[in-house]
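Report on the structure
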Amino acid sequence: MSIIHQEGKLAEAIEEQTAKLPPDTFLWSAAASMALSMGLKCINKKHLAQMAGQWTAPLLLFGIYNKIVKTMGHH
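Now for a description of the structure that goes with this document. (Residues numbered from 1 in each chain as written. Predicted model: local features only at pLDDT ≥ 70, side-chain atom pairs only at ≥ 80, totals over all residues. Heavy atoms only, no water.)

1. Let's talk about the overall build of the protein
Rules: Starting at the N terminus, helices and strands are each numbered in turn, a helix being any DSSP run of H or I of at least four residues and a strand any DSSP run of E of at least two. With a 1.4 Å probe rolled over the protein chains alone, any residue whose accessible area is under 20% of its type maximum counts as buried; one over 50% counts as exposed, and the rest are partly exposed. Note on definitions: a residue-residue contact is assigned when non-hydrogen atoms from the two residues lie within 4.5 Å. Computed with a 1.4 Å probe, the accessible areas rest on the Shrake-Rupley method; for each residue, only the protein chains presented here act as cover.
When its secondary structure is counted, the protein shows 4 helices and 0 strands. Taking all 75 residues of the protein together, the buried fraction comes to 19%. In the protein, once contacts between residues fewer than 6 apart in sequence are set aside, the share between residues at least 24 apart is 57%. Counting only carbon and sulfur atoms, one obtains 68% of the accessible surface of the protein, whose full area is about 6200 Å².

2. A short note on unusual backbone geometry
Residues other than glycine seldom take positive phi values, yet Asn44 does so here, at roughly 60°. Tracing the chain through its elements places Asn44 in the loop between helix H2 (25-42) and helix H3 (46-53).

3. As for the packing of H2 against helix H4 (residues 56-72)
Operational definition: Angles here are taken between N-to-C directions and fall from 0 to 180 degrees, while the axes themselves are lines fitted to C-alpha atoms, restricted in helices to the stretch in contact. An angle below 35 degrees is read as roughly parallel, one above 145 as roughly antiparallel, one from 65 to 115 as roughly perpendicular, and any other as oblique. Under the convention adopted here, Pro, Cys and the residues Ala, Val, Leu, Ile, Met, Phe, Trp and Tyr are nonpolar, Asp, Glu, Lys and Arg are charged, and Gly plus all remaining residues are polar.
It is at 8 Å that the axes of H2 and H4 come closest, and there the two elements cross at 175°. Regarding the angle of H2 to H4, the classification is roughly antiparallel. Residues Phe26, Leu27, Ser29, Ala30, Ser33 and Met34 of H2 lie in contact with H4, whose contacting residues are Thr56, Leu59, Leu60, Phe62, Gly63 and Asn66. In the contact of H2 with H4, the residues fall into 7 nonpolar, 5 polar and no charged.

4. Concerning the side chain of Ser33
Checked against the element boundaries, Ser33 lands in helix H2. What makes Ser33 buried here is its relative accessible area of 8%. Apart from residues lying up to four places away in sequence, Ser33 is in contact with Ala52, Gly53, Trp55, Thr56 and Leu59.

What follows is the structure, given as structure tokens:
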């Protein structure tokens, strides 16, 4: 028994665009988010620092998802 999985149109459109990005884009974006968060914390912008820091995990997850999609051949 074989299960055929089809992506939705939105997922396909997103994957098509993110496939154009260099592989380390999400990693560097996450690092920039952490650096921005630390910088904001140093100048006592606590709430902005928290907001910037919270982008780190989603950016890394986007990178993992993008890598999986590329290696699975769904692009």
